[in-house]
Structure formats: C-alpha cells, structure tokens
Amino acid sequence: MKKEFLDLGKQPIANKFLNEGEFDNEFFFNLKATFDEETKLVSLSEFVKPEMMFNGDYTYHASMSDTMKNHFKTLAENLQKEFRPVNVLEIGSNDGIFVRHFNPDTTIAVEPCDNFADMTFDMGYNTYNSFWDNELSKLIKQDYGTMDLIYSANCICHVQDLDDTFTAVGQLLSEDGIFVFEDPSLLRMMERGSYDQLYDEHAHIFSVIALNNLLGKNGLEIFRVDNLNVHGGSNRIYAKLKSNLHQEIEPSVENNIIEEKSFGLDRFETYEVFSDRVKKSKDDLISTLKKLKEDGKKVIAYGAASKVTTVFNYCGIDESLVEYITDTTPSKIGKYQPGTHIPIMSPDDGFDETVDVAYLGAWNFKTEIMNKEIDYLSRGGKFITHIPQVMIFS
Ligand code: JHZ
C-alpha cells in the first residue's frame, strides 16, 4: 500500500523554461511523495506524461559542468578496464557525455529528446530517438544482438513503469552482461533534507532496499553499490542476470541495505519526520530571504536547476525576494523559471558586484562553484542554501 508523506504543492514542469508570453495556461500538477509499504519504494503520487517533460525543448545539458565531464570520463575508463564490454548501450544519453568515450561502431544511444538525440547521432552513434521500453529493447536485440553493458545515469528514476524497464534491460543483456545505473540516493536526500530532489522528472527516489526488491522481481540481481558524491549524493548500482553465477555479490550491497535500515528507510515514520523538517526548511528560507530584503540586500539565485523550481514554487518565492537567477546553460538564458516566472540571466550579465547574496540553487556543485567564484567571495559576497538547513555562508 502506498502512503503519502509529503505535499510540495502545485508545481510546473521543472525544466520547461518559459518565454515571455507563455505564462498563461502553464501546466501544474500536485507534487506529493508516497512510500510503498510493500516494495519500500518512494515515488510521486501523480506522474506527469513523459512526452510533456522529455521532448525537443528539453534544456538539461549534462556537459555544463566540469565535475560531470570528469565523472563520466573516469567511469567509462574504469568500466572498460574492468569489464571489457564490446556492445554498449546507454539509456538517456543526453548530450553524449558518457557515450563519447566508447566506440561509435558498437555503441548505441537511446534518447527521447530530439535535440539531444541529434547530438549523439551527429557524433556518429546509432541513436534511437525514443523512450526506453520493452518494445524498443526487442527491436534493438533484433538489429544488434545482446549488450555487454547497459548504462544509464539520472534516467532510470525518471521511468514510471520500472517492471517494464527492468524486463526490457534483462532481455537485452548478454549472459555475462552488466546493467549499471546511477540516480540520486534516497538516504542522502533524507539525511540532507534535500527535498528538492523531488520534481516531475524524478518519478522515484531510490533506496538500495527498494531496488533490490524491484530488480529481484524482474530476473536481475545487484552485485555492487558505489556511493557517489555527485548530484547531492547518488548510488551507482551494478546488476546482472540472476542466472549469471560468475559475478560474485559484493559486501557493498548488504552494507548499504544495513545502513539504510538503520536510518529507517524501510519504515513510514521516518518519512513523517522528514516531512516536518521540510516544512521548517520552508519557513526558515522565507524568513531569511525577507530579512535580507528588509536589510536592503540584493539577492539573486545561482543556477536554474530543476531543484530550484521545486524550492521556489513550494516556498512561494518570487521576484520580490530573489531578483533573478543566473545560469550558464544557453537554452535557459533569457527565459523565465517555470511557475514563478523569475527571469534567467547569463552570469556574465547578472553575477556582478551589485549582488550581495546568491541562493545556491546548484548546491550539488558547491565545490566547483566556490572555486570559480573566489572573487565574489573575497569582496564579501555571500551564498544562502537550505542544505542541510537554511544558512548564509561565505
Ligand atoms: P543540476 C537535472 O537536475 C535533471 P538539475 C535531471 N532530472 C537530473 O536528475 C539531474 O540533472 C542529474 C547551472 N550551473 O546539474 C547549470 C551554473 O549556472 O544540478 C544547470 O542549469 N553554473 C536529469 O537541473 C544548473 O546550474 C555553474 O557553475 O537539478 C545545475 O543543474 C554550474 C556548475 C552549474 O541539475
């Protein structure tokens, strides 16, 4: 049975940045999170149609950060060294940040957003401009045979029907093939109070406990879990076919499950406590921003991440508290944040000496940003965050 524990109010499509004149008739849905007592999976109570989120207007470019470019390069090298895969497929290949490290002759990209599918196609990869499902998996198997490595980053948690996704993976894997995927960690979200990991795209936030149940139901088995720092704390899951007995199950699987259980991720009460923490975070953020305003400070936001859409819409933050948001992504600049309609500017135009405090929307890139903005900090500029609790820092 699914039990609701968090209500983040009416929310728009987090990555649908608007042009002037597009504010009327904007789509909103109820963003609520549920816990499934049976599978222990945390999901949204209402799913948004995938075509409304992932289409030719999709704006999230994975390669906008050096941290992520290095992250995928290192991973690709390690996977090649350890598993020596020949046939490789990526689900949700975005701008090619991962596949670019593999041979285009034996690597397939799957990407539903036309603008990004065009990019990997132009890079020479066989690209299926399509959503991942059983039908597509069968078609690929017919055309190319089985895969030695199926990889996916920040994408499986977007998929609403996980049983279909996992059976589609299982039937395309070669006998010794591996399925590696990484998504935000539920444990880290709960520890850090990062409720902004919840938005339309994130249909689920995974615990290892829940994935162990769901993969197991669909003929797959986790054999390793890596805990990663990226995107506010993620888990990289390595899975294999249950019938593959060569690959040993490593202690990291059980260790993660033990850690999650000791935090209480398998109990509903833990989520009720989290919900109270989120309400307090909202009150603290609004009162801190109001105080800064009263003190005559110029406050902006740094990074128009999807996560900021959740926070600003949930907290009711508008231009009266945060003048504008700066972001380096060309397709976001000149547009307006979904729901709040706060303008997005290039950092070259908006991150100047008039700024007193910047809300760190891209808090998951804190180290990269602190290093980059050394001049801002040394002239007295400050940041504000809600992770792990609301605070101003420099
Ligand atoms: P960032 C997206 O989430 C959506 P978002 C998706 N659902 C997901 O799961 C994660 O990615 C992986 C900007 N920026 O990466 C770039 C600067 O302006 O946290 C981005 O617009 N200056 C697929 O949107 C935003 O911040 C900088 O120096 O929450 C960060 O968005 C840096 C480093 C980033 O993902």
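Before going into details, it helps to say that this report is about the structure given with it. Keep in mind the model is a prediction, meaning the values are calculated, not measured.

What follows concerns the pairing of strand E12 (residues 299-302). Every second residue of E12 is oriented toward a common face, with Val-299 and Ala-301 on one face and Ile-300 and Tyr-302 on the other, all of them buried. For E12 and strand E15 (residues 357-360), the ladder comprises 4 bridges, and the chain directions are parallel. Considered in E15, the bridge of Ala-301 is made with Tyr-359. Inspection of the sheet shows E12 paired to strand E13 (residues 325-326) by 2 bridges, in the parallel sense. What sits directly across from Tyr-302, in E13, is Thr-326. One crossover worth recording links E12 to the parallel E13 by way of helix H10 (residues 306-315), and it is right-handed.

A few words now on the pairing of strand E16 (residues 382-385). Of the pairings in the sheet, the one linking E15 to E16 comprises 3 bridges and is parallel in character. Paired with Ala-358 across the two strands is Phe-383, which belongs to E16. As defined by bridge partners, E16 adjoins strand E17 (residues 391-393) across 3 bridges and the pair is classed as antiparallel. Following the sheet pairing, Thr-385 is matched in E17 by Met-391.

Let us now look at helix H4 (residues 134-144). Along H4, the residues classified as buried are Asn-134, Leu-136, Ser-137 and Ile-140. Buried residues in H4, looked at end-on, bunch into an arc of 160°, giving them a common side. In H4, the exposed positions that point more than 90 degrees away from the buried face belong to Glu-135, Lys-138 and Gln-142. Its side-chain oxygen 3.3 Å from the backbone nitrogen of Glu-135, Asp-133 forms the N-cap of H4. Of the residues trailing H4, Gly-145 is marked for its positive phi of about 85°.

Cut-off values and rules
Residues numbered from 1 in each chain as written. Predicted model: local features only at pLDDT ≥ 70, side-chain atom pairs only at ≥ 80, totals over all residues. Heavy atoms only, no water. Buried < 20%, exposed > 50% of the residue type's maximum accessible area, 1.4 Å probe, protein only. Helix = DSSP H or I, 4+ residues; strand = E, 2+ residues; numbered from the N terminus. Pairing = 2+ DSSP bridges. Right-handed = clockwise from strand over helix to strand, strands pointing away. Arc of directions from axis to C-beta. Polar contact = N/O pair within 3.5 Å; in protein donor to acceptor, adjacent residues only side chain to side chain.

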